[in-house]
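Next come the chains, spelled out residue by residue.
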Amino acid sequence: MENKKSKYIEIIILLLLLAASVCFLSHIFSPENLNLPVAINEKDRYYESIIREPENTIDTLIIGNSEAVTLVDTPRFEKETGRSAYSVGKAGSSVADAYYTLRDITKMQDIKLVILETDMFADDNIDYSSNREELKRVFTAETEHLFPVFRYHSAWKILAGQNEGYPLNSERGYEERTDIVPYTGGEYMLPTEEVSYIPKLRVFYMNKIVKFCRKNDIDLLFVSAPSALLFNTKKHNAVSVYTEENNIPYLDLNSLNDEIGIDWTTDTMDGGDHVNANGTEKVTDYLIKCIPEVISIK
Amino acid sequence: MYYFSLIFAVLFLPAALIVYQLLPQKYRYIALLVFNVIFFSYTGMRRFIYPLLAGGITFFAGLLLEYLFAKQKEKVKAEEDKENKKKIKKSYLIKTRTVMIVSIAALVLLILHVKYTDFFIENINSIAQKMGNDHRIPLKEFVLPLGISFYTLQSIGYIVDVYWRKITAEKNFLKVLTYITFFPTIMEGPIVSFLEVKEDLFSGKGIVFDNVYSGYIRLLYGCMKKLVIADRLNPAVKYLFTEIGETNGTEVACAAVLFTVMEYMDFSGSIDMVIGVAKMFGIKLPENFKQPFFAKNATEFWRRWHVTLGVWLKTYIFYPVSMSGLVRKFSKFAKEKKLNNHFKNMVVSAISLLPVWLINGLWHGPSWTYISYGIYYFIVIMLELIFEPLGDLILEKLKTTRENPVVTVIRVLKNWIVIFLGEIVFRVSNMFGAVVMYRKFFTEPGRVFSNGAFLNWGINGVDYVIALIFLLVVLAVDIWKEKNKGELLSDRIMLCPAYLRVAAVLFLAVSILILGLYGPGFLEVDLIYANF
């Protein structure tokens, strides 16, 4: 009995020490506390850049995965509209990750408009489209949000001079990508009534984003970036169903290629996955013109 | 879902343990089966058809064999004439043997279908092309179902054990399915016989605190080997085995050494995790590694490396072939012709070992490199057997023995060279690459350290130092295990003072947390043997 009791005490002490270690290391390894002159993770470059911006200087946030990174020429968007926009797309971001990114940034910035790129939501890639896979991604997002050491642990390499890190972005999340690799696959928005399956957990976190925006009086606009390689009508239908159900304005730029003037032989940098600088300029022009029409910005 | 993922360690595993403990003892194996299915489902539920089929074949073959044994017993008992008794026995021997062969053939066809179809097609296409026929048979490109190489061997072992009457066939299909899909072993083994785990797997013993504690320690130790050492060396190994044209002979040697270390850390690390996890449920699995780098020859190496595969091949291939008609006929012939005893033994060994090593090579994968790997060890072991008397003679002349420490060190180092050379053909992507690497190794020595070339392989100096420090930890543990034969460190650590145990866990956890290669920017490196 005595032996059993001492074992339980031991395990409690061990768990407390483990928890304390993880919390302490998370405090040390958070990018806010490290304040390095470079970004720790390439994927988090734009997030690690925005947290260094002066407080309350950004009012429009573009979130999503890599499609969000190339969506808007934010400096020009600001010049034309007077609204300071910042793009914090993360390659491969999950909706849960985007939710926490949004929450963290609103602690520092007074965000009035969120432009949410929908690829992370409507992604029906076989690797990401099941609830089991989504559980893994949600678990990762939750863990990394609670304990940043899981996301930023490799910072020790920068501190030890073994890794140069990644350059911070000073152009409000925008980078001019001039490569041209044409898309030659033809029409991709083929008519269909089919709807892409969206895992329930992903919808759960999207609901949290919507709720958070409403609670904090933030306008929310869903935008599907032009992507001949990734987007299709099934995904469009899935996003449309969600936005209609939740009364959220939605712009699918893939259905508006002609209106925007996207030329897939010159406006993509990787064969139709992402737009390049030419495409971004056209999209930015369109959004500058269109946003006031579809949304009542405060 | 990998054993080294956080979601497995802090979500899946605790959930499995809790559900297991909450169920009545009699039904605890059901909890294991449910979690086996959940674990498997991460690779796609449709592919569960394969273990289901293999389980069905195994189960029904076992039942049919038991039925035939019972019938035979009944008929023999009822028959009084000795000759007729013999006839009945013979007729049932044919029947049971047929059941065994057909069921094993079905299992082999199943694995051949998904794992080896493209290999055969590629070779047919290649031969056709050489004969001037441009028609190409399209590849099937099946996705390999999780664990098929492991549970196929377990299923075959089960059927043969029933046939040999080492075990009685299990009458509950769910139990057979639980055995072959057991989630800790399905990905990387060890290959366990039904007899070894039956009691632990189905007795439903409750969760014991010490088992969970020491199991988690072993899980952490395995994670450290995988995430801190193996994955750290991966970029260098990948570079050296990809950029073969750019490397010199010394770099080829480094590639062989680095891959061997990486493979050992990866495979033994995952086996540590597997054994640790099974232990939490009170299930004792056999050890798969017994300090292989202390082996003094290739035969001993294979008694220490991937032990359970070696045991399986010995039990189900080597012994049956050794007892086969062919070997018996040759032994009789050798006796009649009064052939040299050493020569006779060599021929018998060759007949018995060739299928063992061919199957060993093929089991690893559908590739000529793996087949060559098997043949390589067949040749090495045969040479060791052939020259054993010569070695004894030399030692006698030198007035020393194999047990002499200097001789032992020389033998161990010689064996390392054998291992490293074998790993080249094991890791390289095709036979052409293997030929180039061996040619470079023997003919193109070059600089690697003095010009800092080793720092251009995708990992930097600090990575080498970290890998080396943690390798020293593993070496210390291996030396301890070698000195305390049969004892497990994970058991011994439970007898240590509490502060030492707590310190060990904290050291492992913090090391993995900070120095482990995971998270954004790191591509998850597949477990090497999960692809076999």
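What counts and what doesn't
Residues numbered from 1 in each chain as written. Chains lettered and ligands numbered in written order. Predicted model: local features only at pLDDT ≥ 70, side-chain atom pairs only at ≥ 80, totals over all residues. Heavy atoms only, no water. Axes fitted to C-alpha atoms, helices over the stretch in contact; angles between N-to-C directions. Helix = DSSP H or I, 4+ residues; strand = E, 2+ residues; numbered from the N terminus. Left-handed = near helix turned anticlockwise from the far one by under 90°. Contact = heavy atoms within 4.5 Å. Buried area = accessible area lost by both parts, 1.4 Å probe. Salt bridge = Lys/Arg side-chain N within 4 Å of Asp/Glu carboxyl O. Polar contact = N/O pair within 3.5 Å; in protein donor to acceptor, adjacent residues only side chain to side chain. Domains from an automatic or database assignment. Parallel < 35°, antiparallel > 145°, perpendicular 65-115°, else oblique. Nonpolar A, V, L, I, M, F, W, Y, C, P; charged D, E, K, R; others polar. Core = buried A, V, L, I, M, F, W, Y, C linked by side-chain atoms within 4.5 Å. Buried < 20%, exposed > 50% of the residue type's maximum accessible area, 1.4 Å probe, protein only.

### Structural notes on the packing of helix α10 (residues 249-280) of chain B against helix α17 (residues 431-443) of chain B
All names here are of chain B.
Part 1: Put simply, α10 and α17 touch, their axes get as near as 7 Å, and they point 115° apart. Judged by the twist between their axes, the crossing of α10 over α17 is left-handed. Across the interface between the two elements, Gly 249, Val 252, Ala 253 and Ala 255 from α10 touch Met 437, Lys 440 and Phe 441 from α17.

### Quick word on the interface of chain A and chain B
One frequently used descriptor of interface size is the decrease in accessible area upon assembly of the parts.
Part 1: Contact residues are listed per partner, giving 29 residues for chain A and 31 residues for chain B.
Part 2: Carbon and sulfur atoms make up 73% of the area that chain A and chain B hide from each other, which totals about 2,800 Å².
Part 3: Inspection of the region where chain A meets chain B yields 3 salt bridges.
Part 4: For the salt bridge of A:Glu10 with B:Arg501, the shortest nitrogen-to-oxygen distance reads 2.6 Å.
Part 5: At the surface where chain A touches chain B, the tally comes to 11 residue pairs in polar contact (both at pLDDT 80 or more).
Part 6: Mapped by element, the contributors of at least two residues to the side of chain A that touches chain B are α1 (2-29), α8 (131-146), α9 (149-152) and α10 (155-159) of chain A.

### Structural notes on the domain arrangement of chain B
All names here are of chain B.
Part 1: What the domain assignment reports for chain B is domain 1 (6-206) and domain 2 (208-291 + 451-532).
Part 2: Relative to domain 2, the C-alpha centre of domain 1 lies at a distance of 30 Å.
Part 3: Tallying the contact residues gives 27 residues for domain 1 and 25 residues for domain 2.
Part 4: The junction of domain 1 with domain 2 conceals about 2,000 Å² of combined surface from both sides, 70% of it contributed by carbon and sulfur atoms.

### Describing the packing of α8(A) against helix α11 (residues 200-215) of chain A
All names here are of chain A.
Part 1: Here α8 crosses α11 at 40°, and the two axes come no closer than 8 Å. One finds that α8 runs oblique with respect to α11. Between α8, through Asn 131, Glu 134, Leu 135, Arg 137, Val 138 and Glu 142, and α11, the contact on the second element is made entirely by Lys 200, Leu 201, Arg 202 and Tyr 205.
Part 2: For the contact of α8 with α11, a count of residues per class yields 4 nonpolar, 1 polar and 5 charged.

### Digging into the side chain of B:Asn36
Part 1: Relative to the helices and strands, B:Asn36 resides in helix α2 (residues 28-41).
Part 2: A distance of 2.8 Å separates a polar side-chain atom of B:Asn36 from the backbone nitrogen of B:Phe183.

### Concerning the nonpolar core
Part 1: In this structure, A:Leu61, A:Val114, B:Phe39, B:Phe183, B:Phe281 and B:Tyr377 are the most contacted members of the largest nonpolar core, which totals 243 residues.
Part 2: For this core, the element with the most residues is α10(B), which contributes 17 residues.
Part 3: Counting contributing residues, this core receives three or more from each of domain 1 (6-206) and domain 2 (208-291 + 451-532) of chain B.
Part 4: In contact with B:Phe183, other than residues within four places in its own chain, are B:Tyr3, B:Phe8, B:Phe12, B:Ala16, B:Leu32, B:Phe35, B:Asn36, B:Phe39, B:Val277 and B:Phe281.
Part 5: Counting residues in each nonpolar core, the second largest holds 9 residues, with B:Ile217, B:Ile493, B:Val502 and B:Val505 among its members.

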